[in-house]
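As a plain string of letters, each chain reads:
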Amino acid sequence: MLDVVFAGEVFCDLVFGGIPHLPTPGTEVYADRFAVSAGGTATRAVAAARLGLRTGIFGVIGTDPFGEHLSARLAAEENLDLTWLRRDPAVHTPVTVAVPQDHDRAFLTYEEAGARRPEVWEGELPGVRFLHLGIGRPLPAWAAELRSRGTRVVGGVGWDPTGDWSPELLTRLAEVDVFVCNAVEATSYTRAGTVEEAVKILADHVPDIVVTDGGRGAVAVDGGTGELVRASAPRVEAVDPTGAGDVFTAGLITGLSHGWSLPTRLRYAGLCAALSVRNLGGASSAPYREEIDAFLERNPHSPDDAAP
């Protein structure tokens with residue numbers, strides 16, 4: 001029995017830090033820091049494993065040097081099961097160049113169709129308490145099968161390169177139990193003017209909704225009471241926000257697995273995300289439980305119920 005499986009695209013992130021501005025055509029800009037890190041679904045999986053959850057990844061990477069690097073790095077993570085991470089020699093491992101700037105980041109990505117989340121699960125489905133996957137496209141049959149067996153399905157979305165932000169996505173929310181997205185995604189899909197308005201619209205479609213709001217923390221609706229809850233995030237010196245939302249999601253699922261109250265799991269997830277932005281790279285900067293405990297010991301004003 002696994003605690004959580006993350007299904008989706010696994011990237012090799014090349015992160016360039018300390019860049020004053022992006023280069024214009026014909027010019028060159030130098031970074032003063034650089035990191036290679038697992039990204040995408042792997043960021044969520046590594047973060048959850050470091051928080052103590054028995055975690056699996058379902059995705060596809062190549063056998064090229066990027067895939068070899070990812071495979072070695074992920075295999076070194078305790079609590080992370082790579083049984084369902086496929087290695088396909090016909091596929092180029094997805095690659096993203098990430099450039100953090102002014103508390104935000106820009107991405108340049110290469111991804112082939114063969115590296116997308118598989119639509120078919122080959123072999124027997126595992127026993128798993130939580131499943132996280134993107135709902136930007138129709139959910140596969142194996143996800144519905146897991147849900148019918150009692151797995152709680154957590155949905156997410158990513159950037160829409162078409163700019164359409166089709167409201168059709170709202171119809172898929174009935175297929176998940178929890179939906180987590182960021183403020184841009186929430187307001188774009190709902191056409192709402194504020195995050196709070198977007199959360200209320202989304203709450204009409206899914207039992208539990210959480211929207212991350214950058215440095216302002218997160219907003220959620222309690223599925224039982226309908227109460228709107230906002231939690232702030234700890235202030236830290238940010239070096240690279242890449243993957244912070246993924247780490248937040250892993251922290252949130254950790255809170256759900258422990259049965260914590262909504263305010264507590266929001267604070268815990270926010271703390272996990274905040275600690276992840278202090279270094280370059282998403283997965284490589286995901287905090288361990290020991291780091292979270294140490295932070296809370298140094299900051300006694302933080303909520304004492306924000307950790308297990």
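Preceding this section is the structure that the text describes.
In this text the structure is predicted, and so the values were computed from the model without any measurement.

Before we move on, can you summarise the pairing of strand S11 (residues 178-182) with the specific residues and values?
Remark: a regular strand shows side chains that alternate across the two faces of the sheet. Burial analysis of S11 places four of its five residues in the buried class, the great majority of the element. For strand S10 (residues 152-156) and S11, the ladder comprises two bridges, and the chain directions are parallel. Looking at S11, one finds that valine 154 is bridged to valine 178. Bridge count for S11 against strand S12 (residues 208-212) is five bridges, and the pairing is parallel.

I'd like to hear about unusual backbone geometry, residue by residue, with values.
Trans is the prevailing form of peptide bonds, just as negative phi is the prevailing case for residues other than glycine. With phi around 45°, tryptophan 165 is a residue other than glycine that occupies positive phi space. When you line up the elements, tryptophan 165 lands in the loop between S10 and S11. The phi torsion at arginine 191 lies on the positive side, around 65°, for a residue other than glycine. Within the secondary structure layout, arginine 191 lies in the loop between helix H4 (183-190) and helix H5 (195-203). Judged by its relative accessible area of 49%, arginine 191 falls in the partly exposed class.

Hey, could you go over the sheet that holds strand S8 (residues 104-110) for me, with residue numbers and the actual values?
On the basis of which strands lie adjacent, the open sheet formed by four strands has the order S3-S2-S7-S8 and mixed pairing. Every other strand in the sheet has two partners, leaving strand S3 (33-40) and S8 as the edge strands with one partner each. On average, each strand axis in the sheet is tilted by 25° relative to the strand beside it, whichever way the strands run.

I'd like to hear about the packing of aromatic side chains, residue by residue, with values.
Taken as a whole and assessed by the stated rule, the structure comprises eight aromatic pairs. Here phenylalanine 58 and tryptophan 121 contribute two aromatic rings whose centre-to-centre distance is 4.1 Å and whose plane-to-plane angle is 25°, an arrangement assigned as stacked. In this pair, phenylalanine 58 is assigned in strand S4 (residues 55-61) and tryptophan 121 in the loop between S8 and strand S9 (128-134), connecting sequence segments 63 residues apart. Comparing phenylalanine 58 with tryptophan 121, the two get one shared label, buried. Aromatic pair phenylalanine 58 and tryptophan 142: ring centres 5.2 Å apart, planes at 90°, arrangement edge-to-face.

Thresholds, definitions, all that
Residues numbered from 1 in each chain as written. Predicted model: local features only at pLDDT ≥ 70, side-chain atom pairs only at ≥ 80, totals over all residues. Heavy atoms only, no water. Buried < 20%, exposed > 50% of the residue type's maximum accessible area, 1.4 Å probe, protein only. Helix = DSSP H or I, 4+ residues; strand = E, 2+ residues; numbered from the N terminus. Pairing = 2+ DSSP bridges. Axes fitted to C-alpha atoms, helices over the stretch in contact; angles between N-to-C directions. Phe/Tyr/Trp six-rings, centres within 6.5 Å; stacked < 30°, edge-to-face > 60°.

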